[in-house]
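The lines below spell out each chain.
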Amino acid sequence: MTRPVITFENVSKEFKLSKLRVRSLQEMFVSMFKKELRGKHRFWALKEVNFTINAGETVALVGTNGSGKSTVLKLISRIIDPTLGIITVSGRLSALLELGAGFHPDLSGRENIFLNGSILGLDRKEMTKKLDAIIDFADIGEFIDVPIRNYSSGMQMRLGFSVAVHVEPQIILVDEVLAVGDYNFQLKCLNKIREMQKQGVTILFVSHDFEEIQKLCDRAIWLNRGEVMAEGSTDDIIKAFMDIYQSKEGQDSFPQSGVIPIVEQNMVTSDVGI
Amino acid sequence: MVTVEKNAATLVISANKHLPLLARLKYMLRGIVVRLEDLWHYRELIRNLVTRDLKVRYRNSVLGVMWSLFNPLLMMMVFTLVFTVLTPHFDVPNFPVFVLCAILPWNFFSASVIGSIRSIVDNSSLVNKVYFPREILPISIVLANLVNFLVALIALFALILFFQIPLTIWVFLLPAVIAVQVIFTIGFGLIMATANVFYRDTQVIMEVVMMAWFFFTPIFYSLAILPRSYEIWGVSFDVARWVRIVNPMASIIDNYRTILYGIGQGGAPPDFYFFMRTLVTSLIVLLIGASIFYRYSRSFGEEV
Ligand SMILES: Nc1ncnc2c1ncn2[C@@H]1O[C@H](COP(=O)(O)OP(=O)(O)O)[C@@H](O)[C@H]1O
Ligand SMILES: [Mg+2]
């Protein structure tokens, strides 16, 4: 049975370049006189991306830094909206995006569990039932009653992961976060992910650990400069990916492809500046 | 135009810039319904955020409540001193009640606006990590301040009893007046919260604006003392009328005072025409605020 739970149809995402973004009225005033600050400085982080992920699949998203993987996950979780195209998502979703899991820094871990639960649409009663399991899994000791701002990134990840997997999601997104945890916790997470796979949870997984990907994922999508380069079985994609990059002396020198900024208007330099 | 459509468990987010007008309108109406459903779905989050706010404010119950009354009561005493002892010609009966029934709603408004302005930016760690309807942030600020206001009203009623000002049947209009203020405040807060995401100095500017706004609102004076005709360049203005038209808060504050204090002998009926007018203005502000907020909240996740 293949039921699509996530589909991208010709999805494109354009970002403004934040360096040139006007942030205050003062800057706005200055930019009225500085021509080079005017105009639209934008670039496409994703270009006509198409893919479908079916229920129960575990799919890896691979690509160099800046290729748009996190952007895809943010679009799926509705944190940002596409500039063009249609995204369809069905099912309760929980996401673990890059560092920090959407916690309120002033609230304790325990209070954040409830806050997070309510964001995911669970009420206090349901969360109270899951509380012990969440705290148990995160295993951060007495820190559970300390404000999140005093947590290390690893502790935040532990709690974030624990909440994300205990709210009974139908879809879970994991973005390069497991690497932050210590060895024991990584093992625990991988076991949990396997358990969820058995329960039929759809998983979208971003990681640079190919061994991990090969063990966990059925399928992989390769993003390059905001475009889908290839899609297929995990082994094929990783092999193709390695073929291209291993010729260029090792992992450290992965080309920083990113997306080339498209400056829409000619940057006419002027001498009107103040 | 970007459209959000929700059918059963499926959520379609699509961006289509070339839709005919009628289709857009249909989508807009549908959008409002979807948004309201969304808010309802997230009611637990609203409750959580409101309690968080109140918990911080009333950390230890009794003292916390007293503390939140400290500012309005102090303001009341200062104004009473200035306008009775220092300037006796002002001659307003039961001045403490006169001024407190305006200070409390004003503080509710001012604290809500200043809180809403910062709400998105201050919660960036949530906004760029998880999805929830972003309007929940300013709305829960207004609701927390509403609870605070309702608690403070108890002190006002105690003062009314103390000065032996009779409560009239018009006091039952209080919920309606409060509702109008909440509508206006949420609408205005949504506009300001959006502006602050893109222009971070909105916050600083609005602090000054709120101070000026305070003086242009009949708080320590009454609308009745404003001139009915004032000549500038040969044109005569009805200042009292214009203050009401231009400043919805003037009408709202005046309504509180009218139904609770009247002219010092107990509540009186408010001016029906202006009451309805303010209600309509507030609804329009809410509609404008909501459309601006929804239009731009789509990019909050990448702006904060
Ligand atoms: N909020 C943002 N504003 C501007 N540019 C952004 C924003 N988020 C991501 N980008 C840009 O989009 C591109 C893709 O980023 P990302 O999806 O994070 O890549 P990956 O996760 O694959 O490393 C990068 O060039 C990044 O700089
Ligand atoms: Mg990333």
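Residues numbered from 1 in each chain as written. Chains lettered and ligands numbered in written order. Predicted model: local features only at pLDDT ≥ 70, side-chain atom pairs only at ≥ 80, totals over all residues. Heavy atoms only, no water.

Draft legend 1. A look at the overall build of chain A. Along the backbone of chain A there are 8 helices and 10 strands. Looking at chain A as a whole, 51% of its 274 residues qualify as buried. Of the contacts made within chain A by residues no fewer than 6 positions apart, 74% connect residues no fewer than 24 positions apart. Put simply, chain A shows about 13,100 Å² of open surface, and 50% of that area lies on carbon and sulfur atoms. (Helix = DSSP H or I, 4+ residues; strand = E, 2+ residues; numbered from the N terminus. Buried < 20%, exposed > 50% of the residue type's maximum accessible area, 1.4 Å probe, protein only. Contact = heavy atoms within 4.5 Å. Areas by Shrake-Rupley, 256 points an atom, 1.4 Å probe, with all protein chains shown as cover.)

Draft legend 2. The arrangement of the nonpolar core in detail. Counting 87 residues, the largest nonpolar core has Trp106, Phe109 and Phe132 of chain B as its most contacted members. The greatest single-element share of this core, amounting to 15 residues, is contributed by helix α4 (residues 95-122) of chain B. Apart from the residues lying within four places of it in its own chain, the contact partners of phenylalanine 132 of chain B are Ile119 of chain A together with Tyr42, Leu45, Leu126, Val127 and Leu137 of chain B. (Core = buried A, V, L, I, M, F, W, Y, C linked by side-chain atoms within 4.5 Å.)

Draft legend 3. The arrangement of the packing of helix α9 (residues 239-246) of chain B against helix α11 (residues 272-297) of chain B in detail. Residues and elements named next belong to chain B. At a minimum axis separation of 10 Å, α9 and α11 run at an interaxial angle of 30°. Relative to α11, the element α9 is oriented roughly parallel. Of α11, the residues touching α9 (which contributes Arg241, Arg244 and Ile245) are Tyr273, Phe274 and Arg277. Broken down by class, the residue content of the contact of α9 with α11 amounts to 3 nonpolar, no polar and 3 charged. (Axes fitted to C-alpha atoms, helices over the stretch in contact; angles between N-to-C directions. Parallel < 35°, antiparallel > 145°, perpendicular 65-115°, else oblique. Nonpolar A, V, L, I, M, F, W, Y, C, P; charged D, E, K, R; others polar.)

Draft legend 4. Fine view of the site of ligand 1. As a matter of local geometry, ligand 1 sits amid 13 residues, with Gly66, Gly68, Lys69, Ser70 and Thr71 of chain A nearest to it. One chain alone does not account for the residues near ligand 1; they come from chains A and B. Here an oxygen atom of ligand 1 and a backbone polar atom of glycine 66 of chain A are 2.6 Å apart. Within the backbone of glycine 68 of chain A, a nitrogen or oxygen atom sits 3.0 Å from an oxygen atom of ligand 1. Of all the secondary-structure elements, those providing two or more residues to the shell around ligand 1 are β1 (4-16), β2 (41-54) and α2 (69-76) of chain A. (Near = heavy atom within 4 Å. Polar contact = N/O pair within 3.5 Å; in protein donor to acceptor, adjacent residues only side chain to side chain.)

Draft legend 5. Structural context of helix α3 (residues 109-119) of chain A. Burial runs high along α3 of chain A: 9 of the 11 residues are buried. Considered for burial, the residues of α3 of chain A that qualify are Gly109, Asn112, Ile113, Phe114, Leu115, Asn116, Gly117, Ser118 and Ile119 of chain A. If you follow the buried residues of α3 of chain A, they end up packed against α4 (124-138) and α5 (153-166) of chain A together with α2 (43-57) and α5 (124-127) of chain B. Once α3 of chain A ends, the next one or two residues include glycine 121 of chain A, with phi positive near 90°.

Draft legend 6. Broad picture of the interface of chain A and chain B. Each side of the interface is counted separately: chain A has 46 residues, and chain B has 39 residues. Buried area between chain A and chain B, both sides added, is near 3,500 Å², and the carbon and sulfur share of it is 54%. When the area that chain A buries against chain B is broken down by residue, the three leading residues are Arg23, Arg78 and Ile119 of chain A, summing to 22%. Connecting chain A to chain B are 4 salt bridges. Here lysine 13 of chain A ties to glutamate 302 of chain B by a salt bridge, and the two come within 2.8 Å at their closest N and O atoms. Our count for the contact surface shared by chain A and chain B stands at 10 residue pairs in polar contact (both at pLDDT 80 or more). Looking at the side of chain A that touches chain B, the elements with two or more residues in it are β1, α1 (25-33), β4 (84-90) and α3 of chain A. Split by residue class, the side of chain A that touches chain B holds 21 nonpolar, 13 polar and 12 charged. (Buried area = accessible area lost by both parts, 1.4 Å probe. Salt bridge = Lys/Arg side-chain N within 4 Å of Asp/Glu carboxyl O.)

Draft legend 7. Summary view of the environment of leucine 156 of chain B. Residues and elements named next belong to chain B. By the secondary structure assignment, leucine 156 is in helix α6 (residues 136-162). Between the C-alpha atom of leucine 156 and that of methionine 66, which follows or precedes it by 90 residues, the distance is 13 Å. The contacts of leucine 156, once residues within four sequence positions are left out, are Val97, Leu100, Cys101, Leu104 and Leu260.

Draft legend 8. Summary view of the sheet that holds strand β6 (residues 171-175) of chain A. Residues and elements named next belong to chain A. Within the open sheet, the 6 strands sit side by side as β5-β6-β7-β3-β8-β9. Their pairing is mixed. Each of the sheet's edge strands pairs with one partner strand only, and the pair in question is β5 (93-96) and β9 (227-233). Here the strands of the sheet are splayed against their neighbours by 15° on average, with no regard to which way each runs. Here β5 runs beside β6; their pairing, made up of 4 bridges, is parallel. Paired with leucine 93 across the two strands is isoleucine 171, which belongs to β6. Sheet contacts for α5: β5 and β6; angle to β5, the most-contacted strand, approximately 165°. Each of β3 (58-62), β6 and β7 (202-206) touches helix α6 (residues 183-198); the most contacted strand, β7, lies at about 145° to it. (Pairing = 2+ DSSP bridges.)

Draft legend 9. Up close: the state of the cysteines. Residue and element names in this part refer to chain A. Within this structure, the stated rule accounts for 0 disulfides over all chains. Between cysteine 189, a cysteine without a disulfide, and cysteine 217, which holds the nearest cysteine sulfur, the sulfur-to-sulfur distance is 14 Å. The exposure class assigned to cysteine 189 is buried, which follows from its relative accessible area of 0%. (Disulfide = S-S within 2.5 Å.)

Draft legend 10. Representation of the pattern of salt bridges in the model. The final tally for this structure, using the stated rule, is 17 salt bridges over all chains. One salt bridge connects arginine 158 of chain A with aspartate 182 of chain A, and the closest N-O pair in it is separated by 3.2 Å. Note that arginine 158 of chain A is positioned in helix α5 and aspartate 182 of chain A in the loop between β6 and α6, a separation of 24 residues in sequence. We note a salt bridge from arginine 244 of chain B to aspartate 254 of chain B, for which the minimum N-O separation is 2.5 Å. With arginine 244 of chain B in helix α9 and aspartate 254 of chain B in helix α10 (residues 248-260), this residue pair connects regions lying 10 residues apart in the sequence. One exposure class covers both arginine 244 of chain B and aspartate 254 of chain B, and it is buried. The network of salt bridges with common partners includes Glu57, Arg219 and Glu231 of chain A.

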